[in-house]
Amino acid sequence: MANNIFGIDLGTSNIKIYNRADDSVMVEKNMIAIENKKTFFAYGDSAFEMYEKAPGNIVASYPVSNGVIADIKNMETLLKYFINDISGGSIKPSDYYVAVPTDVTEVEKRAFYDLIKDANVKAKKIMVVEKAVADGLGLDIDVKNSQGVLIVNVGYDTTEVSILSLGGIVLSRLIKVGGLKFDEAIRTAIRNEYSLLIGGKTAEKVKVNLRELEKAGKPAVVYGRDIVSGLPVEREIPTALVSNALIESFNTIIDSIKVILERTPPELGADIYKHGVYLTGGASQVSHLAGLMQKSTGLKVNVCENPIESVARGLSKVIKDDNYKSVAYSIEGMGR
Ligand SMILES: Nc1ncnc2c1ncn2[C@@H]1O[C@H](COP(=O)(O)OP(=O)(O)OP(=O)(O)O)[C@@H](O)[C@H]1O
Ligand SMILES: [Mg+2]
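This structure is a prediction, so every number in the text was calculated from the model and none was measured. (Residues numbered from 1 in each chain as written. Chains lettered and ligands numbered in written order. Predicted model: local features only at pLDDT ≥ 70, side-chain atom pairs only at ≥ 80, totals over all residues.)

Turning next to the packing of helix α5 (residues 179-194) against helix α7 (residues 239-263). How two helices sit against one another is set out by the angle between their axes and by the gap between those axes. It is at 9 Å that the axes of α5 and α7 come closest, and there the two elements cross at 130 degrees. Between α5 and α7, the crossing angle belongs to the class labelled oblique. At the point where α5 passes α7, the crossing takes the right-handed sense. Mapping the contact onto sequence places Lys181, Phe182, Ala185, Ile186, Ala189 and Glu193 in α5 and Leu241, Val242, Ala245, Leu246, Glu248 and Ser249 in α7. (Axes fitted to C-alpha atoms, helices over the stretch in contact; angles between N-to-C directions. Helix = DSSP H or I, 4+ residues; strand = E, 2+ residues; numbered from the N terminus. Parallel < 35°, antiparallel > 145°, perpendicular 65-115°, else oblique. Left-handed = near helix turned anticlockwise from the far one by under 90°. Contact = placed C-beta atoms within 7 Å.)

Among all residues except glycine, the phi angle is most often negative; among peptide bonds, the trans geometry is most common. Here the phi dihedral of Asn120 falls at roughly 60 degrees; this positive angle occurs in a residue that is not glycine. Mapped onto the elements, Asn120 comes out in the loop between α3 (106-118) and β10 (123-130). Residue Asn120 is classed as partly exposed on the basis of its C-beta count, with 14 C-beta atoms lying within 10 Å. Its identity as a non-glycine residue notwithstanding, Asp140 has a phi of 65 degrees, on the positive side. A residue is classified by how many C-beta atoms lie within 10 Å of it, and Asp140, with 13 of them, is partly exposed. (Buried ≥ 20, exposed ≤ 12 C-beta atoms within 10 Å, placed from the backbone.)

Of all residues adjacent to ligand 1, which total 21 residues, the nearest are Gly11, Thr12, Gly155, Gly179 and Gly282. Elements that contribute at least two residues to the shell around ligand 1 include exactly α5 and α6 (200-216). The class makeup of the residues in the shell around ligand 1 is six nonpolar, twelve polar and three charged. (Near = placed C-beta within 6 Å. Nonpolar A, V, L, I, M, F, W, Y, C, P; charged D, E, K, R; others polar.)

Before going further, it helps to examine the pairing of strand β11 (residues 147-154). The element β11 is extensively covered by neighbouring structure, given that seven of its eight residues are classed as buried. As paired elements, β11 and strand β12 (residues 159-165) share seven bridges and run antiparallel to each other. From the neighbouring strand, Ile151 faces β12, where its bridge partner is Ser162. Connecting β11 to the antiparallel partner β12 that follows it, the hairpin turn spans four residues. In this structure, β11 lies alongside strand β17 (residues 277-280), joined through four bridges in parallel fashion. Along β17, the bridge assignment pairs Asn153 with Thr280. (Pairing = 2+ DSSP bridges.)

Now for the nonpolar core. Membership of the largest hydrophobic core comes to 93 residues, with the highest contact counts inside it found for Tyr97, Val98, Ile116, Val129, Leu315 and Val318. Per-element accounting of this core gives the leading share, seven residues, to α7. In contact with Ile116, other than residues within four places in its own chain, are Tyr96, Val98, Val121, Ala123 and Ile126. (Core = buried A, V, L, I, M, F, W, Y, C linked by C-beta atoms within 7 Å.)

Taken domain by domain, the protein consists of domain 1 (4-135 + 310-327), domain 2 (142-177 + 247-308) and domain 3 (179-244). Spacing between the C-alpha centres of domain 1 and domain 3 amounts to 31 Å. (Domains from an automatic or database assignment.)

Shown next as C-alpha coordinates:
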(Lines give C-alpha, C1' and ligand atoms only; values in the text may rest on other atoms or scores of the structure.)
(Ligands and ions follow the chains in the order given, each with its own letter.)
Protein backbone atom coordinates (compact mmCIF):
# COMPACT_ATOMS: atom_id res chain seq x y z
CA MET A 1 0.00 0.00 0.00
CA ALA A 2 1.18 3.53 -0.70
CA ASN A 3 2.47 5.61 2.19
CA ASN A 4 0.12 7.98 3.91
CA ILE A 5 1.05 11.66 3.58
CA PHE A 6 0.89 14.44 6.19
CA GLY A 7 1.31 18.20 5.81
CA ILE A 8 2.46 20.01 8.94
CA ASP A 9 2.30 23.68 9.91
CA LEU A 10 4.09 23.92 13.23
CA GLY A 11 2.68 27.16 14.61
CA THR A 12 3.71 28.69 17.89
CA SER A 13 0.24 28.42 19.39
CA ASN A 14 -1.54 26.00 17.05
CA ILE A 15 -0.23 22.94 15.24
CA LYS A 16 -2.11 22.17 12.04
CA ILE A 17 -1.77 18.75 10.44
CA TYR A 18 -3.24 17.86 7.06
CA ASN A 19 -3.95 14.15 6.70
CA ARG A 20 -4.08 12.83 3.13
CA ALA A 21 -5.94 9.69 4.22
CA ASP A 22 -9.15 11.57 4.94
CA ASP A 23 -8.33 14.98 3.43
CA SER A 24 -8.81 16.74 6.77
CA VAL A 25 -6.91 19.35 8.79
CA MET A 26 -6.48 18.87 12.53
CA VAL A 27 -5.92 22.02 14.60
CA GLU A 28 -4.73 21.66 18.21
CA LYS A 29 -2.85 23.83 20.68
CA ASN A 30 0.86 23.15 20.21
CA MET A 31 1.30 22.78 23.93
CA ILE A 32 2.66 20.20 26.37
CA ALA A 33 2.08 19.96 30.13
CA ILE A 34 4.77 18.39 32.31
CA GLU A 35 4.36 17.39 35.94
CA ASN A 36 7.18 17.75 38.48
CA LYS A 37 9.59 18.80 35.72
CA LYS A 38 9.74 15.33 34.20
CA THR A 39 6.46 13.44 33.89
CA PHE A 40 4.40 13.90 30.74
CA PHE A 41 0.95 15.07 31.84
CA ALA A 42 -1.16 16.35 28.93
CA TYR A 43 -0.86 17.70 25.39
CA GLY A 44 -2.70 19.78 22.81
CA ASP A 45 -6.01 21.42 23.72
CA SER A 46 -6.15 19.67 27.10
CA ALA A 47 -2.72 21.03 28.07
CA PHE A 48 -3.96 24.49 27.08
CA GLU A 49 -6.97 24.04 29.35
CA MET A 50 -4.53 23.85 32.28
CA TYR A 51 -2.42 26.77 31.15
CA GLU A 52 -2.48 29.59 33.74
CA LYS A 53 -4.77 27.48 35.94
CA ALA A 54 -2.69 24.46 36.98
CA PRO A 55 -0.90 24.09 40.34
CA GLY A 56 2.81 24.99 40.42
CA ASN A 57 4.06 21.46 39.83
CA ILE A 58 2.36 21.24 36.42
CA VAL A 59 4.00 23.43 33.81
CA ALA A 60 2.39 23.92 30.41
CA SER A 61 4.56 25.35 27.62
CA TYR A 62 4.80 25.89 23.86
CA PRO A 63 7.84 24.09 22.35
CA VAL A 64 7.80 26.41 19.31
CA SER A 65 8.80 29.98 20.00
CA ASN A 66 8.95 32.90 17.56
CA GLY A 67 8.20 30.49 14.71
CA VAL A 68 11.17 28.17 15.35
CA ILE A 69 11.56 24.98 17.38
CA ALA A 70 12.85 25.98 20.81
CA ASP A 71 12.34 22.76 22.76
CA ILE A 72 13.19 19.83 20.52
CA LYS A 73 12.50 16.94 22.92
CA ASN A 74 9.02 18.16 23.87
CA MET A 75 8.17 18.95 20.26
CA GLU A 76 9.14 15.42 19.23
CA THR A 77 6.91 14.00 21.97
CA LEU A 78 4.01 16.21 20.91
CA LEU A 79 4.33 15.40 17.23
CA LYS A 80 4.33 11.69 17.93
CA TYR A 81 1.15 11.99 20.03
CA PHE A 82 -0.66 14.03 17.39
CA ILE A 83 0.31 11.79 14.47
CA ASN A 84 -0.57 8.74 16.53
CA ASP A 85 -4.02 10.19 17.32
CA ILE A 86 -4.74 11.04 13.69
CA SER A 87 -3.57 7.58 12.66
CA GLY A 88 -6.05 5.90 14.99
CA GLY A 89 -3.35 4.60 17.31
CA SER A 90 -1.04 2.95 14.79
CA ILE A 91 1.32 5.07 12.70
CA LYS A 92 1.95 3.73 9.20
CA PRO A 93 5.02 4.52 7.09
CA SER A 94 4.35 8.07 5.88
CA ASP A 95 5.65 10.98 3.85
CA TYR A 96 5.79 14.38 5.51
CA TYR A 97 5.56 17.87 4.02
CA VAL A 98 6.50 20.52 6.55
CA ALA A 99 6.14 24.30 6.19
CA VAL A 100 9.13 26.37 7.32
CA PRO A 101 9.57 30.12 7.81
CA THR A 102 11.93 31.76 5.32
CA ASP A 103 13.61 34.46 7.37
CA VAL A 104 15.40 32.09 9.80
CA THR A 105 18.86 30.47 9.80
CA GLU A 106 19.68 27.27 7.89
CA VAL A 107 20.15 25.52 11.24
CA GLU A 108 16.67 26.59 12.39
CA LYS A 109 15.21 25.40 9.08
CA ARG A 110 16.97 22.10 9.28
CA ALA A 111 15.54 21.58 12.78
CA PHE A 112 12.08 21.07 11.20
CA TYR A 113 13.46 18.24 9.09
CA ASP A 114 15.38 16.70 12.00
CA LEU A 115 12.32 16.92 14.21
CA ILE A 116 10.26 14.72 11.89
CA LYS A 117 13.16 12.37 11.26
CA ASP A 118 13.78 11.88 14.98
CA ALA A 119 10.21 11.85 16.33
CA ASN A 120 9.57 8.15 15.61
CA VAL A 121 6.72 8.85 13.24
CA LYS A 122 7.87 6.39 10.54
CA ALA A 123 8.96 9.10 8.12
CA LYS A 124 9.86 7.70 4.72
CA LYS A 125 10.25 11.00 2.89
CA ILE A 126 10.47 14.51 4.37
CA MET A 127 9.92 17.53 2.15
CA VAL A 128 10.01 21.20 3.00
CA VAL A 129 7.81 24.02 1.67
CA GLU A 130 8.35 27.71 2.46
CA LYS A 131 5.47 28.85 4.64
CA ALA A 132 4.54 31.83 2.50
CA VAL A 133 4.36 29.69 -0.65
CA ALA A 134 2.05 27.25 1.15
CA ASP A 135 0.00 30.22 2.36
CA GLY A 136 -0.35 31.49 -1.20
CA LEU A 137 -1.57 28.10 -2.42
CA GLY A 138 -3.94 27.83 0.54
CA LEU A 139 -5.39 31.20 -0.43
CA ASP A 140 -6.02 29.90 -3.97
CA ILE A 141 -3.46 32.20 -5.55
CA ASP A 142 -1.79 30.95 -8.70
CA VAL A 143 1.65 31.38 -7.09
CA LYS A 144 3.55 29.71 -9.92
CA ASN A 145 2.40 32.18 -12.55
CA SER A 146 2.01 35.41 -10.58
CA GLN A 147 4.76 37.99 -10.59
CA GLY A 148 4.44 39.81 -7.31
CA VAL A 149 2.21 38.51 -4.51
CA LEU A 150 2.32 40.13 -1.08
CA ILE A 151 1.37 37.77 1.75
CA VAL A 152 1.10 38.81 5.39
CA ASN A 153 0.59 36.02 7.95
CA VAL A 154 -0.21 37.32 11.44
CA GLY A 155 0.24 34.41 13.87
CA TYR A 156 0.69 34.16 17.63
CA ASP A 157 4.34 35.10 18.21
CA THR A 158 5.21 36.33 14.74
CA THR A 159 4.09 38.05 11.58
CA GLU A 160 5.67 36.93 8.32
CA VAL A 161 5.63 39.43 5.45
CA SER A 162 6.63 37.92 2.11
CA ILE A 163 6.76 38.76 -1.57
CA LEU A 164 6.35 35.80 -3.91
CA SER A 165 7.01 35.62 -7.59
CA LEU A 166 6.76 32.66 -9.99
CA GLY A 167 6.49 30.10 -7.18
CA GLY A 168 9.49 31.35 -5.21
CA ILE A 169 10.18 33.86 -2.45
CA VAL A 170 11.67 37.20 -3.41
CA LEU A 171 11.71 38.77 0.05
CA SER A 172 10.51 37.68 3.47
CA ARG A 173 10.69 39.15 6.95
CA LEU A 174 9.64 37.54 10.19
CA ILE A 175 8.81 40.07 12.91
CA LYS A 176 8.02 39.37 16.53
CA VAL A 177 4.52 40.80 16.63
CA GLY A 178 1.34 38.74 16.56
CA GLY A 179 -1.71 37.72 18.56
CA LEU A 180 0.28 37.44 21.79
CA LYS A 181 1.44 41.07 21.53
CA PHE A 182 -2.19 42.10 20.95
CA ASP A 183 -3.22 40.26 24.13
CA GLU A 184 -0.38 41.86 26.11
CA ALA A 185 -1.33 45.33 24.89
CA ILE A 186 -4.91 44.76 26.07
CA ARG A 187 -3.70 43.56 29.49
CA THR A 188 -1.41 46.56 29.92
CA ALA A 189 -4.12 49.05 28.96
CA ILE A 190 -6.61 47.52 31.40
CA ARG A 191 -4.04 47.47 34.19
CA ASN A 192 -3.08 51.10 33.61
CA GLU A 193 -6.63 52.38 33.26
CA TYR A 194 -8.48 50.28 35.84
CA SER A 195 -5.72 48.91 38.14
CA LEU A 196 -7.01 45.52 37.13
CA LEU A 197 -4.88 42.47 36.40
CA ILE A 198 -6.38 40.08 33.86
CA GLY A 199 -5.04 36.75 32.56
CA GLY A 200 -3.78 36.06 29.05
CA LYS A 201 -6.80 33.93 28.16
CA THR A 202 -9.19 36.68 29.23
CA ALA A 203 -7.31 39.22 27.11
CA GLU A 204 -7.41 36.85 24.14
CA LYS A 205 -11.18 36.46 24.54
CA VAL A 206 -11.66 40.23 24.54
CA LYS A 207 -9.54 40.50 21.37
CA VAL A 208 -11.43 37.74 19.55
CA ASN A 209 -14.83 39.16 20.56
CA LEU A 210 -13.93 42.79 19.88
CA ARG A 211 -15.66 43.04 16.50
CA GLU A 212 -18.91 41.55 17.79
CA LEU A 213 -18.88 43.79 20.87
CA GLU A 214 -18.29 46.86 18.73
CA LYS A 215 -21.16 45.89 16.45
CA ALA A 216 -23.47 45.38 19.41
CA GLY A 217 -22.25 48.59 21.08
CA LYS A 218 -21.45 46.65 24.25
CA PRO A 219 -18.45 46.84 26.57
CA ALA A 220 -16.26 43.80 27.28
CA VAL A 221 -16.98 42.22 30.65
CA VAL A 222 -13.82 40.84 32.25
CA TYR A 223 -12.89 39.18 35.50
CA GLY A 224 -9.55 39.91 37.10
CA ARG A 225 -7.78 40.96 40.28
CA ASP A 226 -7.91 44.52 41.56
CA ILE A 227 -4.31 45.62 42.18
CA VAL A 228 -5.26 47.88 45.09
CA SER A 229 -7.62 45.61 47.03
CA GLY A 230 -6.11 42.33 45.84
CA LEU A 231 -9.63 40.98 45.39
CA PRO A 232 -11.23 39.36 42.32
CA VAL A 233 -13.62 41.73 40.56
CA GLU A 234 -15.78 42.02 37.45
CA ARG A 235 -15.39 45.13 35.28
CA GLU A 236 -16.86 46.54 32.11
CA ILE A 237 -14.18 47.67 29.65
CA PRO A 238 -15.14 50.05 26.83
CA THR A 239 -14.19 48.68 23.41
CA ALA A 240 -12.46 51.99 22.52
CA LEU A 241 -9.86 51.35 25.21
CA VAL A 242 -9.17 47.94 23.67
CA SER A 243 -8.96 49.11 20.07
CA ASN A 244 -6.69 52.02 20.99
CA ALA A 245 -4.40 49.65 22.86
CA LEU A 246 -3.91 47.61 19.68
CA ILE A 247 -2.90 50.41 17.32
CA GLU A 248 0.80 50.41 18.18
CA SER A 249 1.19 46.71 17.31
CA PHE A 250 -0.85 47.20 14.13
CA ASN A 251 1.48 50.00 13.08
CA THR A 252 4.56 47.84 13.65
CA ILE A 253 3.10 45.29 11.22
CA ILE A 254 2.14 47.96 8.70
CA ASP A 255 5.61 49.55 8.91
CA SER A 256 7.24 46.23 8.11
CA ILE A 257 4.98 45.89 5.06
CA LYS A 258 6.10 49.34 3.91
CA VAL A 259 9.77 48.40 4.37
CA ILE A 260 9.31 45.25 2.29
CA LEU A 261 7.48 47.22 -0.41
CA GLU A 262 10.35 49.72 -0.55
CA ARG A 263 12.78 46.88 -1.21
CA THR A 264 10.62 45.08 -3.76
CA PRO A 265 11.93 45.17 -7.36
CA PRO A 266 9.76 47.68 -9.25
CA GLU A 267 8.91 45.12 -11.93
CA LEU A 268 6.82 43.24 -9.36
CA GLY A 269 4.92 46.32 -8.29
CA ALA A 270 2.24 46.10 -10.96
CA ASP A 271 0.89 42.73 -9.81
CA ILE A 272 1.10 43.71 -6.15
CA TYR A 273 -0.79 46.90 -6.84
CA LYS A 274 -3.40 45.06 -8.91
CA HIS A 275 -4.06 42.31 -6.35
CA GLY A 276 -3.29 44.06 -3.06
CA VAL A 277 -2.23 42.43 0.20
CA TYR A 278 -3.27 38.88 1.09
CA LEU A 279 -3.83 38.85 4.83
CA THR A 280 -3.90 35.57 6.71
CA GLY A 281 -2.93 33.84 10.00
CA GLY A 282 -5.27 33.54 12.99
CA ALA A 283 -4.55 36.94 14.48
CA SER A 284 -5.19 38.72 11.15
CA GLN A 285 -8.89 38.51 12.07
CA VAL A 286 -8.58 41.05 14.86
CA SER A 287 -10.94 44.01 14.46
CA HIS A 288 -9.56 47.07 12.58
CA LEU A 289 -6.24 45.54 11.42
CA ALA A 290 -7.30 45.02 7.80
CA GLY A 291 -8.94 48.45 7.66
CA LEU A 292 -5.93 50.28 9.04
CA MET A 293 -3.64 48.36 6.69
CA GLN A 294 -5.72 49.34 3.70
CA LYS A 295 -5.72 52.98 4.76
CA SER A 296 -2.00 53.16 5.52
CA THR A 297 -0.66 51.30 2.48
CA GLY A 298 -3.24 52.39 -0.08
CA LEU A 299 -3.49 48.75 -1.17
CA LYS A 300 -6.58 46.60 -1.25
CA VAL A 301 -6.47 44.09 1.62
CA ASN A 302 -7.81 40.61 0.89
CA VAL A 303 -8.94 38.72 3.96
CA CYS A 304 -9.61 35.00 3.91
CA GLU A 305 -12.20 32.67 5.28
CA ASN A 306 -10.16 30.27 7.36
CA PRO A 307 -6.85 32.03 8.05
CA ILE A 308 -5.64 29.59 10.71
CA GLU A 309 -5.62 26.73 8.21
CA SER A 310 -4.27 28.47 5.10
CA VAL A 311 -0.71 27.05 5.34
CA ALA A 312 -2.00 23.50 5.95
CA ARG A 313 -4.51 23.84 3.08
CA GLY A 314 -1.65 24.96 0.83
CA LEU A 315 0.39 21.91 1.85
CA SER A 316 -2.61 19.75 0.94
CA LYS A 317 -2.45 21.17 -2.59
CA VAL A 318 1.26 20.39 -2.86
CA ILE A 319 0.48 16.84 -1.70
CA LYS A 320 -2.51 16.28 -3.99
CA ASP A 321 -1.63 18.21 -7.14
CA ASP A 322 1.45 17.19 -9.15
CA ASN A 323 1.42 20.62 -10.69
CA TYR A 324 2.62 22.07 -7.39
CA LYS A 325 5.14 19.36 -6.41
CA SER A 326 8.02 21.57 -7.58
CA VAL A 327 7.55 24.05 -4.72
CA ALA A 328 8.57 21.34 -2.21
CA TYR A 329 12.23 20.49 -1.73
CA SER A 330 14.41 18.14 0.27
CA ILE A 331 16.98 19.38 2.77
CA GLU A 332 18.46 16.01 3.59
CA GLY A 333 22.20 16.41 4.01
CA MET A 334 21.98 20.19 3.79
CA GLY A 335 24.14 22.17 6.23
CA ARG A 336 26.08 19.08 7.30
N1 LIG B 1 -11.33 35.55 15.54
C2 LIG B 1 -10.12 35.96 15.93
N3 LIG B 1 -9.84 37.27 16.08
C4 LIG B 1 -8.62 37.69 16.46
N5 LIG B 1 -7.59 36.88 16.74
C6 LIG B 1 -7.81 35.54 16.60
C7 LIG B 1 -9.06 35.01 16.19
N8 LIG B 1 -8.96 33.65 16.17
C9 LIG B 1 -7.70 33.36 16.54
N10 LIG B 1 -6.99 34.49 16.80
C11 LIG B 1 -5.60 34.59 17.24
O12 LIG B 1 -4.78 33.93 16.28
C13 LIG B 1 -3.57 33.52 16.91
C14 LIG B 1 -3.23 32.11 16.45
O15 LIG B 1 -3.14 32.10 15.06
P16 LIG B 1 -2.27 31.03 14.26
O17 LIG B 1 -2.74 29.65 14.55
O18 LIG B 1 -2.23 31.47 12.85
O19 LIG B 1 -0.83 31.24 14.95
P20 LIG B 1 0.42 30.26 14.97
O21 LIG B 1 0.60 29.72 13.59
O22 LIG B 1 0.27 29.28 16.07
O23 LIG B 1 1.61 31.26 15.36
P24 LIG B 1 2.94 31.63 14.54
O25 LIG B 1 2.57 31.73 13.10
O26 LIG B 1 3.38 32.94 15.15
O27 LIG B 1 3.91 30.53 14.82
C28 LIG B 1 -3.80 33.63 18.41
O29 LIG B 1 -3.10 34.77 18.91
C30 LIG B 1 -5.31 33.85 18.52
O31 LIG B 1 -5.67 34.65 19.64
MG1 LIG C 1 1.57 30.35 11.83
